[in-house]
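# Summary of the model geometry
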Amino acid sequence: MEQKLNAWQPYALGLLRIVLGLVMLNFGLAKIFHFHAGVFMPPTGSMPWFAALIELILGAALLIGLQTRLVAFVLSGEMAFAYFIAHFPKSFFPTENNGALAVSLCFAFLYLVTAGGGAFALTRK
């Protein structure tokens, strides 16, 4: 059973990368182009706007698997900054400061730094 599951590992990793890329691309599209925008639309040129630009560009790169390890490293750092700038000052605990998504994404991206892009990646290593 374990051998059969191991054979599917690159595909599961590729799917994880694609889904995380879509999530980040969605955040960037919402904040920059107001496409499917939520309640938070940062002013053009502000720090959150530049973070959204990173999410837009690197989310697309992650989606196609372009330099996955480098892209994931930058996105992991961005999510860590997001947590410590926006959530941590409210409380240490993610359940109280609404930072669970930022923490989860930070460590999911950190995993991609070590694991690579998996199947379907444009640049595989």
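One can find the structure itself at the top, above this paragraph.
The paragraphs below set out a description of the structure included in this document. (Residues numbered from 1 in each chain as written. Predicted model: local features only at pLDDT ≥ 70, side-chain atom pairs only at ≥ 80, totals over all residues. Heavy atoms only, no water.)

### Thoughts on helix α4 (residues 68-87)
- Between its first and last C-alpha, α4 extends 27 Å over 20 residues, near the 28 Å set by a 1.5 Å rise per residue.
- Looking only at α4, the buried set comprises Thr68, Val71, Ala72, Leu75, Ser76, Glu78, Met79, Tyr83 and His87. Viewed along the axis of α4, the buried residues span an arc of 165°, placing them on a single side of the element. Turned more than 90 degrees away from the buried face of α4 sit Leu70, Phe73, Phe81 and Phe84, all of them exposed.
- Lining the buried residues of α4 we find α2 (9-32), α3 (47-64), α5 (94-97) and α6 (100-115). (Helix = DSSP H or I, 4+ residues; strand = E, 2+ residues; numbered from the N terminus. Expected span 1.5 Å × (residues − 1). Buried < 20%, exposed > 50% of the residue type's maximum accessible area, 1.4 Å probe, protein only. Arc of directions from axis to C-beta. Contact = heavy atoms within 4.5 Å.)

### Here we look at the environment of Pro10
- Counting through the fold element by element, Pro10 comes out in helix α2.
- On the basis of relative accessible area, Pro10 is assigned to the partly exposed category, the value being 31%.
- For the pair formed by Pro10 and Gly77, sequence separation is 67 residues and the distance between their alpha carbons is 24 Å.
- Every residue in contact with Pro10, bar those within four places of it in the chain, is listed here: Gly118 and Ala119.

### Digging into the environment of Arg69
- With respect to the helices and strands, Arg69 occurs in helix α4.
- For Arg69 and Phe33, which are 36 residues apart along the polypeptide, the C-alpha to C-alpha distance reads 27 Å.
- A distance of 3.0 Å separates the side chain of Arg69 from the backbone oxygen of Thr114, its partner in a polar contact. (Polar contact = N/O pair within 3.5 Å; in protein donor to acceptor, adjacent residues only side chain to side chain.)

### Notes on the packing of α4 against α6
- The contact between α4 and α6 brings their axes to 8 Å, and the two run at 160°. With respect to α6, the element α4 is oriented roughly antiparallel. Here α4 and α6 pass one another in a crossing that is left-handed. On the side of α4, the interface is formed by Arg69, Ala72, Phe73, Leu75, Ser76, Met79, Ala80, Tyr83 and His87, while α6 contributes Ala102, Val103, Leu105, Cys106, Phe109, Leu110, Leu112, Val113, Thr114 and Ala115.
- Considering only residue class, the contact of α4 with α6 consists of 15 nonpolar, 3 polar and 1 charged. (Axes fitted to C-alpha atoms, helices over the stretch in contact; angles between N-to-C directions. Parallel < 35°, antiparallel > 145°, perpendicular 65-115°, else oblique. Left-handed = near helix turned anticlockwise from the far one by under 90°. Nonpolar A, V, L, I, M, F, W, Y, C, P; charged D, E, K, R; others polar.)

### Digging into the nonpolar core
- If you look at the biggest cluster of nonpolar residues, it comprises 16 residues, and the most contacted ones within it are Leu20, Leu62, Leu75, Phe109 and Leu112.
- Considering each element in turn, this core owes the most residues, 6 residues, to α6.
- Other than its neighbours up to four places away in sequence, Leu75 contacts Met24, Ile54, Leu58, Leu62 and Phe109. (Core = buried A, V, L, I, M, F, W, Y, C linked by side-chain atoms within 4.5 Å.)

### What to know about a nonpolar patch on the surface
- On the surface, Ile54, Leu70, Phe73 and Val74 cluster together into a nonpolar patch covering about 370 Å² of accessible area.
- At 3 residues, the largest contribution of residues to the nonpolar patch is made by α4.
- With respect to the element layout, Leu70 can be found in helix α4. (Patch = residues over 30% accessible without salt bridge, like charges linked within 9 Å, V, L, I, M, F, W, Y side chains within 5 Å. Areas by Shrake-Rupley, 256 points an atom, 1.4 Å probe, with all protein chains shown as cover. Salt bridge = Lys/Arg side-chain N within 4 Å of Asp/Glu carboxyl O.)

### Some details on the side chain of Thr68
- For Thr68, the location among the structural elements is in helix α4.
- If we ignore the near neighbours within four places in the chain, the residues touching Thr68 are Arg17, Leu62, Gly116, Gly117 and Thr123.

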